[in-house]
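# Inside the fold
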Amino acid sequence: MADAIQARIEEQVKKNKIILYMKGTPSFPMCGFSAATIQVLDSYNVAYESVNVLDDPAIRDGVKRYSNWPTVPQLYINGEFVGGCDIVREMHAKGELEPLIRAAQG
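Definitions and limits used
- Residues numbered from 1 in each chain as written.
- Predicted model: local features only at pLDDT ≥ 70, side-chain atom pairs only at ≥ 80, totals over all residues.
- Heavy atoms only, no water.
- Core = buried A, V, L, I, M, F, W, Y, C linked by side-chain atoms within 4.5 Å.
- Buried < 20%, exposed > 50% of the residue type's maximum accessible area, 1.4 Å probe, protein only.
- Helix = DSSP H or I, 4+ residues; strand = E, 2+ residues; numbered from the N terminus.
- Contact = heavy atoms within 4.5 Å.
- Pairing = 2+ DSSP bridges.
- Axes fitted to C-alpha atoms, helices over the stretch in contact; angles between N-to-C directions.

Ranked by size, the top nonpolar core spans 17 residues in total, and within it I18, L41, L75, I77, L97 and I101 carry the most contacts. For this core, the secondary-structure elements that each account for two or more residues are β1 (18-22), α2 (32-43), β5 (74-77), α4 (85-94) and α5 (97-105). Once you skip the residues sitting within four places of it in the chain, L41 turns out to touch I18, L20, V46, Y48, L75 and I101. Membership of the second largest hydrophobic core comes to 11 residues, among which are I19, Y21, V63 and V72.

See the structure below:
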């Protein structure tokens with residue numbers, strides 16, 4: 001079961017250039033950290049996928065194992081784990097996130 005979940009997460013991460021594992025949805029985030037991460041992503045006006053971890057406890061636990069990161073939200077760009085809310089906001093503030101996002105669109 002755990003292997004199947006890891007394979008499913010890997011497929012999602014590889015298939016989507018930008019994917020956010022979050023609590024809730026972009027239009028209705030269910031925690032402040034997810035809302036703040038959505039705000040940063042939306043500021044770039046780019047398309048991205050999201051997965052509501054509240055819908056599936058196996059994904060919620062599995063994504064933490066997949067990234068070896070203890071919290072959600074988790075942002076992946078071009079198959080690479082970028083980080084959680086604090087890292088995303090910090091990279092955004094320093095201008096480090098935009099080049100990754102633009103490269104994912106190309």
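Okay, unusual backbone geometry next. In this chain, V72 is followed by P73 through a cis amide linkage whose omega measures 15°. Residue position: P73 is located in the loop between α3 (57-67) and β5. Even without a glycine there, the phi angle at N45 is positive, about 55°. Relative to the helices and strands, N45 resides in the loop between α2 and β4 (49-52). You will see that N68, though not glycine, has its phi angle at about 60°, which is positive. You can see N68 is positioned in the loop between α3 and β5.

On to the sheet that holds strand β6 (residues 80-83), then. What the 4 strands build is an open sheet, ordered β4-β1-β5-β6; its pairing is mixed. Of all strands in the sheet, those with a lone pairing partner are β4 and β6, marking the two edges. Between one strand axis and the next, the sheet turns by 25° as a mean value, whatever way the strands run. In this sheet, β5 lies alongside β1 in antiparallel orientation, the contact comprising 4 bridges. Its bridge partner being in β5, L20 is matched across the sheet by L75. The sheet contacts of helix α1 (residues 2-15) involve β1, β4 and β5, and relative to β1 the element is tilted by about 140°. Here α3 sits on the sheet and contacts β1, β4, β5 and β6; the angle it forms with β5, its principal contact strand, is near 60°.

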